[in-house]
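Structural description and commentary
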Amino acid sequence: MSDDEHHFESSDSGASKTFPQQAGNIRKGGFIVIKGRPCKVVEVSTSKTGKHGHAKCHFVAIDIFNGKKLEDIVPSSHNCDVPHVNRLDYQLIDIAEDGFVSLLTDSGGTKDDLKLPTDDALAAQMKSGFEEGRDVVVSVMSSMGEEQINAVKEVGAGK
């Protein structure tokens with residue numbers, strides 16, 4: 001054996017954060033990566049083929065994490081990156097004073113690495129439901145290594 005020992009710090013599964021899809025096949029309501037950010041497509045328009053041959057797709061999309069509007073123009077025959085987007089529901093266990101939340105996973109473990117959402121209305125809904133003792137379920141959207149709470153549901157009447 002050699003003295004050089006390989007040590008890997010990576011903790012992800014090695015799966016790609018995106019997959020290619022032809023620009024002409026991406027529709028409104030789908031997802032696309034624009035400027036390295038995962039976005040939801042809100043508008044698609046396609047121009048006709050011109051003198052130099054390619055029809056172009058004009059995408060208007062909203063970043064799924066910060067809500068910023070982004071635009072991109074791509075030839076319809078070229079591939080675009082489409083992010084893998086996952087949405088999971090967790091039950092809220094606790095809200096720490098530093099703004100981090102403790103969530104109960106389906107397997108019975110806890111997830112403690114998410115902060116309260118930056119959307120003040122969502123954060124207020126979570127806090128009020130928690131303080132009143134109701135069961136609060138949060139939807140967490142994850143894509144391209146980022147996670148964020150994007151929806152809150154209250155279940156049941158409480159204790």
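Refer to the structure printed above.
Throughout what follows, the structure given in this document is the object of discussion. Per-chain numbering applies: the sequence of each chain, read as written, is numbered from 1 onward. Only residues with pLDDT of at least 70 are given local features in this predicted model, and only at 80 or more are side-chain atom pairs given and counted; all residues enter the totals for whole chains, interfaces and linings. Values shown for side chains rest on all heavy atoms present in the structure; no hydrogens or waters enter the calculation.

**Things to note about the overall build of the protein chain**
Looking only at helices and strands, one finds one helix and eleven strands in the protein chain. Here, two residues are considered to be in contact whenever any of their heavy atoms come within 4.5 Å of each other. Sequence-distant contacts, at least 24 apart, represent 48% of the contacts inside the protein chain between residues at least 6 apart. The Shrake-Rupley method, run with a 1.4 Å probe sphere, supplies the accessible areas, and residue values consider only the shown protein chains as cover. Carbon and sulfur atoms form 49% of the exposed surface of the protein chain, whose accessible area is close to 10,400 Å². Strands are runs of DSSP state E lasting at least 2 residues, helices are runs of H or I lasting at least 4, and numbering of each runs from the N terminus.

**Quick look at the sheet that holds strand S8 (residues 100-104)**
In space, the five strands of this open sheet follow the order S9-S8-S7-S10-S11, with antiparallel pairing throughout. The open sheet has two edge strands with one neighbour each: strand S9 (110-115) and strand S11 (146-155). Ignoring strand direction, the axes of neighbouring strands in this sheet form an average angle of 40°. A pair of strands is labelled paired if DSSP reports no fewer than 2 bridges between them. By the bridge criterion, nine bridges tie strand S10 (residues 135-143) to S11 in an arrangement that is antiparallel. Geometry is summarised by axes, namely lines fitted to C-alpha atoms with helices restricted to the contacting stretch, and by angles between N-to-C directions that run from 0 to 180 degrees.

**Concerning the sheet that holds strand S5 (residues 69-75)**
Here four strands make up an open sheet; going across it, the order is S2-S3-S4-S5 and the pairing antiparallel. Two strands lie at the open edges of the sheet, namely strand S2 (31-34) and S5, each paired on one side alone. Between one strand axis and the next, the sheet turns by 45° as a mean value, whatever way the strands run. For strand S3 (residues 37-46) and strand S4 (residues 56-63), the ladder comprises seven bridges, and the chain directions are antiparallel. Along S4, the bridge assignment pairs Val44 with Phe59.

**A closer look at helix H1 (residues 120-131)**
In a helix, the anticipated span is given by 1.5 Å times the number of residues less one. In a regular helix each residue adds 1.5 Å, so twelve residues correspond to 16 Å; H1 covers 16 Å between its end C-alpha atoms and thus fits that length. To sort residues, take the accessible area from a 1.4 Å probe on protein chains only and compare it with the maximum for the residue type: under 20% means buried, over 50% means exposed, and anything in between is partly exposed. Every buried residue of H1 is accounted for by Leu122, Ala123, Met126 and Gly129. Down the axis of H1, the buried side of the element spans an arc of 140°, and every buried residue falls inside it. Turned more than 90 degrees away from the buried face of H1, the exposed residues are Asp120, Ala121 and Glu131. Contacts from the buried residues of H1 go to strand S7 (85-95), S8, S10 and S11. Any pair of N or O atoms that falls within 3.5 Å is considered a polar contact. Within protein, one atom must be able to donate a hydrogen and the other to accept it, and sequence-neighbouring residues count only if both atoms are side-chain atoms. With a side-chain oxygen lying 3.0 Å from the backbone nitrogen of Ala121, the N-terminal cap of H1 falls on Asp119. Each direction from the helix axis to a C-beta atom contributes to the arc, which is the arc of those directions.

The values reported here are purely geometric and, on their own, carry no functional implication.
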